[in-house]
Amino acid sequence: TVFDITSLYPTLIVNNNISFETVDCSCCVNNLGARVPDYIFDTKTDRHMCKKYIGILSRLVSEYMKKRIEYKQKAKDMPSIDKEQARQCDVLSKAYKILINSAYGQLGHKFSKYENIKAAELVTRYGRHTIKQCIKLAREVFKWDVIYGDTDSIFVNNSSSINQDDIKAFKD
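Basis of the calculations
- Residues numbered from 1 in each chain as written.
- Predicted model: local features only at pLDDT ≥ 70, side-chain atom pairs only at ≥ 80, totals over all residues.
- Heavy atoms only, no water.
- Core = buried A, V, L, I, M, F, W, Y, C linked by side-chain atoms within 4.5 Å.
- Buried < 20%, exposed > 50% of the residue type's maximum accessible area, 1.4 Å probe, protein only.
- Helix = DSSP H or I, 4+ residues; strand = E, 2+ residues; numbered from the N terminus.
- Contact = heavy atoms within 4.5 Å.
- Pairing = 2+ DSSP bridges.
- Axes fitted to C-alpha atoms, helices over the stretch in contact; angles between N-to-C directions.
- Lys, Arg positive; Asp, Glu negative; His and termini not counted.
- Salt bridge = Lys/Arg side-chain N within 4 Å of Asp/Glu carboxyl O.

Undergrad: Even after reading the chapter, I still don't get the nonpolar core, so can you show me in this structure?
TA: Considering soluble globular proteins, one finds that nonpolar side chains tend to be buried as a cluster. Ranked by internal contacts, the top residues of the largest apolar core, which has 21 residues, are Ile-18, Val-36, Val-61, Leu-107, Leu-122 and Tyr-126. The set of elements that each furnish at least two residues to this core consists of helix 1 (8–15), helix 2 (38–41), helix 3 (56–77), helix 4 (83–108) and helix 5 (117–140). Tallying contributions element by element places helix 5 first for this core, with five residues. Every residue in contact with Leu-122, bar those within four places of it in the chain, is listed here: Ile-18, Val-23, Val-36, Phe-41, Arg-47 and Met-49. By size, the runner-up hydrophobic cluster in this structure holds 13 residues, among which are Ile-135, Phe-142, Ile-162 and Phe-170.

Written out as structure tokens, the structure is:
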């Protein structure tokens with residue numbers, strides 16, 4: 001069984017205010033509440049995130065995620081009413097998915113106008129922490145045999161013997 005974390009990197013960008021101008025900003029350097037937790041780096045760090053302003057990328061990704069959900073729901077609700085409009089909503093939903101998923105790539109690409117390696121690193125470090133926590137939960141609480149984890153998913157062996165209620169609880 002594969003457990004995929006929907007829109008992991010975009011969600012981390014929004015929830016942690018990760019943007020090209022928010023990482024190690026000058027306005028929050030002395031704000032202890034702005035510090036990135038040491039466990040994200042597996043060592044002591046002085047990295048921090050802006051707490052005064054919402055980053056441009058964080059704000060836009062949040063807006064695009066809402067639009068994607070809106071169009072995805074419309075596409076699901078419309079087929080019996082208007083197939084062409086439902087198809088257009090599905091296409092728009094997929095376009096927003098591409099936008100939100102490419103935001104991380106813009107942070108890490110050296111030729112991008114918005115390149116910020118520290119921001120890209122934070123997204124991947126928060127992502128890695130999230131996957132590690134999912135693996136720990138699967139193994140320790142649900143006693144599942146996790147055989148692999150990647151960027152935004154974990155793979156569990158013996159899926160036929162896993163209780164459907166446990167699957168729902170894990171996903172929640």
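Undergrad: Mind showing me how you'd approach the sheet that holds strand 1 (residues 2–4) here?
TA: Paired through their backbone hydrogen bonds, the strands of a sheet run either parallel or antiparallel. Spatial strand order, 1-3-2: three strands in an open sheet with antiparallel pairing. The sheet terminates laterally at strand 1 and strand 2 (146–149), the two strands that pair on one side only. Taking each pair of neighbouring strands and ignoring which way they run, the sheet shows an average axis angle of 20 degrees. Along the sheet, helix 5 contacts strand 2 and strand 3 (153–156); its crossing angle with strand 3, the most-contacted strand, is approximately 25 degrees.

Undergrad: Quick question: what am I supposed to make of unusual backbone geometry here?
TA: Most peptide bonds adopt trans geometry, and most residues besides glycine take a negative phi value. Even without glycine at this site, Asp-24 takes up a positive phi of about 55 degrees. Turning to its location among the elements, Asp-24 is positioned in the loop between helix 1 and helix 2. A residue is classified by how much of its surface remains accessible, and Asp-24, at 26% relative accessible area, is partly exposed.

Undergrad: Even after reading the chapter, I still don't get the side chain of Arg-68, so can you show me in this structure?
TA: As for its position among the elements, Arg-68 is in helix 3. Salt bridges are absent for the buried Arg-68, whose nearest opposite-charge side chain, Asp-90, sits at 8.1 Å.

Undergrad: What exactly am I supposed to notice about the environment of Gln-88 here?
TA: Its location among the elements puts Gln-88 in helix 4. Accessibility expressed as a relative area gives 41% for Gln-88, which makes it partly exposed. For the pair formed by Gln-88 and Tyr-71, sequence separation is 17 residues and the distance between their alpha carbons is 8.8 Å.

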